[in-house]
Amino acid sequence: MRRLMITVDVEAQPARAERDHVNRLIWGKFPEGRGGGIGEMMDIGDRFDAPIVMFLDYCERALYGDAILDVAREIHRRGHDLQLHSHPEFLAQTFWSKRELTPPDGINVASDEQADALLEYLCRSQEDAGAVAPVGYRGGGYRYGPALLRSMVRHGVKFNSSYNAARENQPLKLGRVRQFYWDNGCLEVPISCVNPYRNLTRDFDINFNAGAFRNADQMAQSLEAFYGQLGEDAIAVMVMHSWSFCRREDSGFFSPPLTENIERFEEFVSRLRPAGVEVITCAQALDLVAAGRCESGPIVPIETIAISDTTPIASPGTASPFRMMPYDTMTCKEGLIVSQPTANTGRVKSISARSGVRGVQTTAQMRGSSPTTRAETPASDRNGEPCCSVCHTPLSRFEDYNGRPKSRCPQCGSVERQRVFVQIYDSFLQEEFDLADKHILALSPSKSEKLIYAQRDILDIVSCDIQPQLKTDIIADITNMPDVENAAYDAVIASYVLTCVHDLDAALGEIHRVLKPGGRFLFCDPLTFNADTVEHTDIATITSWYGQEAYDRHKIGSFRRLGDVGLLKTLMNQGFLIKTFYGRDPITGSKWVWHSAEKDAGAAATGVEETAFDSKALSAHAENLWSESKHTEALNLHQKVLARGVDTVSTYRLGTAYLLGVGIPRDLEKAWEYLSSPSQEQGRYACYFRGVILASPDFSAFDPERASACFERAAELGVPEAQTALKNLVF
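Residues numbered from 1 in each chain as written. Predicted model: local features only at pLDDT ≥ 70, side-chain atom pairs only at ≥ 80, totals over all residues. Heavy atoms only, no water.

With that out of the way, let us pick up the packing of aromatic side chains. For the structure on display, the rule yields 26 aromatic pairs. Summarising the aromatic geometry, the rings of Tyr 688 and Phe 711 are spaced 5.7 Å apart at their centres and angled 45 degrees between planes, so their arrangement reads as tilted. Residue Tyr 688 is located in helix H22 (residues 684–694), and its partner Phe 711 is located in helix H23 (residues 704–716); the two are separated by 23 residues in the primary sequence. Both residues of the pair, Tyr 688 and Phe 711, count as buried. These aromatic residues form a ring-pair network of at least three members: Tyr 652, Tyr 685, Tyr 688, Phe 689 and Phe 711. (Phe/Tyr/Trp six-rings, centres within 6.5 Å; stacked < 30°, edge-to-face > 60°. Helix = DSSP H or I, 4+ residues; strand = E, 2+ residues; numbered from the N terminus. Buried < 20%, exposed > 50% of the residue type's maximum accessible area, 1.4 Å probe, protein only.)

Encoded structure:
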């Protein structure tokens, strides 16, 4: 008999709905449309004798009061498995101050006292709801730490399901594993991951809302892959959320539930028992493993967990959602060194995840480290050698290309921009615009790009190039494609195309024409920051790469050097809304930029006729959108304002957005470029945030002394957070 746990993170985070958060995000009740929240999930579970594990975030009592207890009471009344979940950032400051504690920067780095306060609160909340004592826990964002695991067992919570091999934020890298015990007796049943799965050659977690799960067949295939890879007695864990039946809009808010999602879940659950899969609870999992009916892996010492939490956490109800995080994970020659301030001295304590050696890490040693972020994590083979993110060929086999040492993969032919696309798509783009179910026009796709698409189940692709010998589906000059219908494609992808097309405006006009409203133009070209585009007129320059024949026959050449300011203006003139994504190539370490340009459906995208207002009015409207948590719309409008010229408000907002990772991927280098611009020199909070960036080891120009000067100046200008930042700063 195979075993599966259907787990649901029950939460109503403010950023996921415009209003009425508990009704919409937990109960699935919207003014319009069909309902579809946890009630429907439990109904389906009841019909097929499938108990569902509901991990309820009791920290949201600080936001919604007894409405969260009512959720707990209904889950308990229905007889499903009510367990603990937590996003401690939603707890009020007074929760900690009443206990003479400071809030943890993340549950990964919580002290024993902080963890005990949290677990006591969670368990008491379940008691307040009149439900049975909890035995299971899942950390918000799959976060956990040594203190939390110790506290869990002290409070009788001996089941944890927070480890997820597919997520980069994990403080311990064990790869894909079955259930195992921590050395304090806590049972870990990891989120189920498979590799490979349907041509996906990365660790892929079994998440109901993944783009690769379009029907019950594909969900069943992932389970088959899981049992085949980890064994018949491995306990599978599928992840859902209380809003899983809903569809996420570009605004970040969720729309009413979709009938097809409810039907997909029901069909999947209906197949389980006939296929010999038993759906179990946390208590049943504990009993099965304790009785030896499901074999566990090796016991893992808690002390091997690297204590870190590099993700900024929003503090609800505050003007600035940023909480100071002075120390981040750093990759050093001797292994992974994770730093945090000690409780009494403020010195930096370090843990080597490879050697287990502990000691004090000096500032000089820190400066010699090489910071790594989520989007910059190198792909490596089993021996730790960096390898191609497309085909996993090791660095040692790479070829020199175009004057760049070891930049081209000999196996798949990928160069930097294609490997960076893999990182950006897997980390950011896929979540908001999954290409697996889209009709796509690929302009001059390379061999490696075709492989990337196939690996991600992106199959509905039409290729196009002007050169007949390439044998693409369409042979056309992209500046004039009369045989392609209007609004024919969901997405157009172009890698190193815009610099080579003879008429940029005409090409972008055609791309805009063939895209559906809301469709995306995804592209990458070499780019000069803070510069206008320069058109080449010298024929020797134009023919320098592709040659005279390509120019004479097809007008292919090196026609321009793109600047981000000029490119932004050109794209907006063609009716696009633009997002920018940065990543580092795992082989060469070079940074590359990919853009996602959305076909603007008109003034409705921002709620204002932009041509009728000056820049000041537009930036003010963008700030109103920001205050309403419409971050994507606000940032798009701020970008349009900057395309008209310098604007202090828009520059500041884009800088803070990149710093905080709100509405756009976090990028300290980009944040610095905005916040250190001349327009921000006198801004008091811009000064404070410059200090925050300089104090982060992830920043290329990491400099605590300059950070200290920024914090001192910000304190003089009246920024209250600056004094705290100064106290926390370690040299």
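Next comes the rest of the description.
This part takes up the environment of Ser 679. With respect to the helices and strands, Ser 679 occurs in the loop between helix H21 (668–675) and H22. As a C-alpha pair, Ser 679 and Asp 647 span 32 residues in sequence and 7.5 Å in three-dimensional space. In this view, Ser 679 contacts Val 646, Thr 648 and Thr 651; residues no more than four positions away in its chain are not counted. At 3.4 Å, the side chain of Ser 679 forms a polar contact with the side chain of Gln 680. (Contact = heavy atoms within 4.5 Å. Polar contact = N/O pair within 3.5 Å; in protein donor to acceptor, adjacent residues only side chain to side chain.)

What tends to happen in soluble globular proteins is that the nonpolar side chains get buried as a cluster. If you look at the biggest cluster of nonpolar residues, it comprises 89 residues, and the most contacted ones within it are Leu 4, Ile 6, Ile 38, Trp 182 and Phe 265. With 7 residues, the single largest contributor to this core is helix H8 (residues 216–230). What Trp 182 contacts, discounting residues up to four positions off in sequence, is Tyr 144, Leu 149, Asn 160, Leu 172, Glu 188, Ile 299, Val 300, Pro 301, Ile 302 and Ile 305. Membership of the second largest hydrophobic core comes to 39 residues, among which are Ala 657, Leu 675, Tyr 688 and Ala 725. (Core = buried A, V, L, I, M, F, W, Y, C linked by side-chain atoms within 4.5 Å.)

Further remarks concern the side chain of Asn 207. Within the secondary structure, Asn 207 is located in the loop between strand E9 (204–205) and H8. Using a relative accessible area of 11% as the deciding quantity, one classes Asn 207 as buried. The residues contacting Asn 207, other than those within four sequence positions of it, are Tyr 142, Arg 167, Phe 213 and Val 239.

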